[in-house]
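Residues per chain, in single letters:
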Amino acid sequence: MPYVPEQLFAQAAPFYARYRPGYPAELVELLAERTGLDSGDLVLDVGCGTGQLALPLARRVRQVVAVDPQPGMLDHAREAARRAGVGNIDWRQADASALARLGVADARAAFFGASFHWTDRADRDRPGVRSAG
């Protein structure tokens, strides 16, 4: 069966939104410290799912570009951001192969949360973006 990013988690979005745990505040703090994030930075959240990492990151930086191939995930993420009053996230439907075309070469860091193993190494290792794992 061929890998089609838009279909891989097509039915999972409601379950991710309801049951997938968020990341501990201590982990977000460690990521920010290790990558030197500050309030003026732009960061990527690749494979953002329903926003479990994008939302806490958005509270620390100027902007998060959150990327996911599944539109249902992005719909749930947008709603979570709206409920949380977070407005500095640019939600984009794409997969890691599109990173070079997203116009985010000035991003301070790229975070892959639980999506790292779904991406090809060539897509993760783009020049100009330091991955924090």
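Not measured: the values here are computed from a predicted model.

Peer 1: Explain the nonpolar core to me, please; I cannot follow it from the model alone.
Peer 2: Nonpolar side chains tend toward joint burial in soluble globular proteins. Counting 23 residues, the largest nonpolar core has Leu57, Val64, Ile89, Trp91 and Phe111 as the members making the most contacts within it. Of all the elements in the fold, those that place two or more residues in this core are helix H3 (25-35), helix H4 (54-58), strand E2 (63-68), helix H5 (71-84), strand E3 (89-93) and strand E4 (109-111). In this view, Val64 contacts Val43, Asp45, Ala54, Leu57, Ala58, Asn88, Ile89 and Asp90; residues no more than four positions away in its chain are not counted. Judged by nonpolar contacts, the second largest core, of 14 residues, contains Leu42, Leu102, Val104 and Ala107.

Peer 1: Could you clarify how one ought to interpret H3 in this entry?
Peer 2: When H3 is considered as a whole, its buried residues turn out to be Val28, Leu31, Ala32 and Thr35. Burial along H3 is one-sided: seen end-on, the buried residues are contained in an arc of 95 degrees. Exposed positions of H3 whose direction lies more than 90 degrees from the buried face are Glu26, Glu33 and Arg34. Gly36 occupies a position one or two residues after H3 and carries a positive phi of about 70 degrees.

Peer 1: Explanation requested: the environment of Phe15 in the structure shown.
Peer 2: Of note, Phe15 is situated in helix H2 (residues 13-19). With relative accessibility at 54%, the residue Phe15 sits in the exposed group. Taking the C-alpha atoms as reference, Phe15 lies 9.7 Å from Thr50; in sequence the two are 35 residues apart.

Peer 1: Hey, could you run me through the pairing of strand E1 (residues 42-46) in this one?
Peer 2: A regular strand carries its side chains on alternate faces of the sheet. Burial of E1 is extensive: five of the five residues sit out of reach of the surface. Where burial is concerned, the two faces of E1 agree: the one with Leu42, Leu44 and Val46 and the one with Val43 and Asp45 are both buried. As defined by bridge partners, E1 adjoins E4 across three bridges and the pair is classed as parallel. Residue pairing across strands places Val43 opposite Ala109, the latter belonging to E4.

Conventions used here
- Residues numbered from 1 in each chain as written.
- Predicted model: local features only at pLDDT ≥ 70, side-chain atom pairs only at ≥ 80, totals over all residues.
- Heavy atoms only, no water.
- Core = buried A, V, L, I, M, F, W, Y, C linked by side-chain atoms within 4.5 Å.
- Buried < 20%, exposed > 50% of the residue type's maximum accessible area, 1.4 Å probe, protein only.
- Helix = DSSP H or I, 4+ residues; strand = E, 2+ residues; numbered from the N terminus.
- Contact = heavy atoms within 4.5 Å.
- Arc of directions from axis to C-beta.
- Pairing = 2+ DSSP bridges.

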